[in-house]
Amino acid sequence: MKQRFAEQNKQRFHSACFGRVRGCVTARMPPIDMGTHERPRPMAEITQEQRQKIAEQFIKALPFCAALDIRLESMGVAEASMSMPYDKRIVGDPETGVVHGGAVSALMDTCCGLAVSLHPDSAKPTATIDLRIEYMRPAKVGERIVTEAHVYNATRTVAFVRAFAHDGNPDKPVASATGAFTFSRIKKDKS
Amino acid sequence: MKRPEPLQAVKERRDGALKVLVDSVPYIEFMNVSFDRRGDELTAVMAFDPKIIGNPVLPAIHGGATASFLEMAALIELAWQRAWGPLEEEKTDVEAVQAAGYLRLPKTIDFTVDYLRSGLPRDCYARARVNRSGRRYASVHVEAWQDNREKLYAQATGHFLMPQLNVDG
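Residues numbered from 1 in each chain as written. Chains lettered and ligands numbered in written order. Predicted model: local features only at pLDDT ≥ 70, side-chain atom pairs only at ≥ 80, totals over all residues. Heavy atoms only, no water.

Another aspect to go through is the overall build of chain B. A count of helical and extended segments in chain B gives 4 helices and 8 strands. In chain B, the order of α-helices and β-strands from amino to carboxyl end is α-α-β-β-β-β-α-α-β-β-β-β. By the burial criterion, 51% of the 169 residues in chain B qualify as buried. Considering only intrachain contacts with a sequence separation of at least 6, the fraction spanning at least 24 residues in chain B is 65%. When the accessible area of chain B is evaluated, it comes to approximately 8400 Å², of which 49% is carbon and sulfur surface. (Helix = DSSP H or I, 4+ residues; strand = E, 2+ residues; numbered from the N terminus. Buried < 20%, exposed > 50% of the residue type's maximum accessible area, 1.4 Å probe, protein only. Contact = heavy atoms within 4.5 Å. Areas by Shrake-Rupley, 256 points an atom, 1.4 Å probe, with all protein chains shown as cover.)

If you want it as structure tokens, here you go:
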């Protein structure tokens, strides 16, 4: 009983601190005597160009991407493309010299996350909830692996992403990925 | 009466076989992953290194690093379990087990990672469980944790294609 009370209290504390941040901000704002009440919209004004710049800087600051020498290829609306060069240190099968699936996972995970942050309604940095990778065939030894990801649906809380990876010919993928990512949508004023 | 095998010989054979498996993959070394063996039980350990950070702000381990770690743990466990039979029941030496193709790694068909908590900047541990291993296909589940075994930070399930053996099994 005591423990349950403590748990409830903890939850209450948590929601008081983090749960209704938006509400707190509005409550603290001085009342405005005007016909239109402007709510704070920190990310709403952001242009796609700014969004891409922030994303690019974020990717460049990722140590694991630097370790794998992952390069940004292109960015679009809710989609992105990245690539990773062949390296002997990331080989998974010594008999054939093929890159380890884990390295391909890392490339596709990053690219999917980037696509989510390039979604025009994305308000916060994202995190992977679930990622499934299918390995269709081994990647060619010595070739750069290119991946393309796009968000095909985003709800208020989750973004669903699809990605494909190839080693030169986009029609012959080496792997495909399906992922669910955390998502928070920019609140838009009803007008 | 048959004398039990000297402890040293048993350990050398088991550790030797595990070393062949682990050393064959360059990416395992790149990721600072090692395998801790207690009898036939393996625990994969990924030593923390600043290069595996994915979010420098938190900081948190990159999801791709976690996926790589889990996949390695699954692959090694799968190959290790298959090699255990000839290694221990028939007491075959490491070279013969290797020549028969038991120490070749399976190939991943698909791998699904469930990210439960963000990976903190410290060492990670993983243990894999082979749910089914047939002649061709295998299904493996992996669990990874950091400080507390009860609080998993990630888990994964994958399907693998088993390498063909050089002998009729």
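Once that is clear, we can look at the nonpolar core. Ranked by size, the top nonpolar core spans 95 residues in total, and within it Tyr27 and Met31 of chain B carry the most contacts. Per element, the largest residue contribution to this core is 15 residues, and it comes from helix 3 (residues 63-89) of chain B. Sequence-distant contacts of Met31 of chain B, that is, excluding residues within four places in its chain, are made with Phe64 of chain A together with Met46, Ile52, Ala65, Ser68 and Met72 of chain B. (Core = buried A, V, L, I, M, F, W, Y, C linked by side-chain atoms within 4.5 Å.)

Counted by the stated rule, this structure contains 18 salt bridges over all chains. One salt bridge in this structure joins Arg104 of chain B and Glu95 of chain A, with 3.7 Å as the shortest N-O distance. You can see Arg104 of chain B sitting in the loop between helix 4 (94-99) and strand 5 (107-115) and its partner Glu95 of chain A sitting in the loop between strand 3 (91-93) and strand 4 (98-99), one on each of two chains. Taking the relative accessible area as the measure of exposure, Glu95 of chain A reaches 61% and is therefore exposed. When salt bridges with common partners are traced through the structure, they connect Glu5, Arg13, Arg14 and Glu88 of chain B into a single cluster. (Salt bridge = Lys/Arg side-chain N within 4 Å of Asp/Glu carboxyl O.)

Residue and element names in this part refer to chain A. Position of Ser176 among the secondary structure elements: in strand 8 (residues 173-182). Of the polar contacts made by the side chain of Ser176, one reaches the side chain of Glu134; its length is 2.7 Å. Not counting chain neighbours up to four residues away, the residues in contact with Ser176 comprise Met108, Arg132, Ile133, Glu134, Met136, Arg162, Ala163 and Phe164. (Polar contact = N/O pair within 3.5 Å; in protein donor to acceptor, adjacent residues only side chain to side chain.)

On to the sheet that holds strand 2 (residues 41-46) of chain B. Taking strand neighbours across the sheet as the criterion, the 12 strands line up as 1(A)-2(A)-6(A)-7(A)-8(A)-5(A)-5(B)-8(B)-7(B)-6(B)-2(B)-1(B) in an open arrangement whose pairing is antiparallel. Bordering the open sheet on either side are strand 1 (71-76) of chain A together with strand 1 (33-38) of chain B, each of which pairs with just one other strand. This sheet shows a mean twist of 20 degrees between the axes of neighbouring strands, independent of strand direction. For strand 2 (residues 79-84) of chain A and strand 6 (residues 145-154) of chain A, the ladder comprises 6 bridges, and the chain directions are antiparallel. (Pairing = 2+ DSSP bridges. Axes fitted to C-alpha atoms, helices over the stretch in contact; angles between N-to-C directions.)

All names here are of chain B. Across all of its chains, the model carries 4 aromatic pairs over all chains by this definition. In this structure, Lys51 is placed above the aromatic ring of Phe30, and the distance from its NZ or CZ to the ring centre is 4.0 Å. Over the ring of Trp145 we find Arg149, and its NZ or CZ is 4.1 Å from the ring centre. (Phe/Tyr/Trp six-rings, centres within 6.5 Å; stacked < 30°, edge-to-face > 60°. Lys NZ or Arg CZ within 6 Å of the ring centre and 35° of its normal.)

Once that is clear, we can look at the packing of helix 5 (residues 101-117) of chain A against helix 3 of chain B. Look at helix 5 of chain A against helix 3 of chain B: their axes get within 8 Å of each other, and the N-to-C directions meet at 155 degrees. Relative to helix 3 of chain B, helix 5 of chain A is oriented roughly antiparallel. In this structure, helix 5 of chain A crosses over helix 3 of chain B, and the sense of that crossing is right-handed. Contacts between helix 5 of chain A and helix 3 of chain B pair Gly101, Gly102, Ala103, Ser105, Ala106 and Asp109 of chain A from the former with Gly63, Gly64, Ala67, Ser68 and Glu71 of chain B from the latter. (Parallel < 35°, antiparallel > 145°, perpendicular 65-115°, else oblique. Left-handed = near helix turned anticlockwise from the far one by under 90°.)

Take the interface of chain B and chain A next. Facing the 33 residues of chain B at the interface are 32 residues of chain A. Run the count over chain B and chain A and you get 3 salt bridges. Listing elements by their share of the side of chain B that touches chain A, those giving two or more residues are helix 2 (26-30), strand 3 (53-55), helix 3 and strand 5 of chain B. For the side of chain B that touches chain A, the element with the most residues is strand 5 of chain B, which contributes 9 residues. Split into classes, the residues belonging to the side of chain B that touches chain A amount to 18 nonpolar, 9 polar and 6 charged. In this sheet, strand 5 of chain B lies alongside strand 5 (residues 128-135) of chain A in antiparallel orientation, the contact comprising 5 bridges. Each bridged residue has a counterpart across the sheet, and for Arg132 of chain A the counterpart in strand 5 of chain B is Thr112 of chain B. (Nonpolar A, V, L, I, M, F, W, Y, C, P; charged D, E, K, R; others polar.)

The next thing to look at is the layout of surface pockets. Taken as a whole, the largest pocket holds about 930 Å³ of empty space. In terms of lining residues, the largest pocket is bounded by 36 residues, among which Phe58, Pro125, Thr126 and Ala127 of chain A together with Asn55 of chain B are the most central. Every element with two or more residues in the lining of the largest pocket is listed here: helix 3 (48-60), helix 5 and strand 8 of chain A together with strand 3, strand 4 (60-61) and helix 3 of chain B. Of the residues assigned to the lining of the largest pocket, the class counts are 18 nonpolar, 14 polar and 4 charged. By volume, the second largest pocket is sized at about 770 Å³. (1 Å grid on protein atoms, 1.4 Å probe; cavity = no way out; pocket = protein on both sides within 12 Å on 5 of 7 lines; lining within 4 Å. Points joined across faces, edges and corners; volume = space filled by probe spheres on them.)

A few words now on the environment of Thr112 of chain B. Its place among the elements puts Thr112 of chain B in strand 5. Considering only alpha carbons, one finds Thr112 of chain B and His141 of chain B, 29 residues apart in sequence, at a separation of 9.6 Å. Non-local contacts of Thr112 of chain B, meaning those with residues more than four positions away in its chain, are made with Asp130, Leu131 and Arg132 of chain A together with Gln155, Ala156 and Thr157 of chain B.

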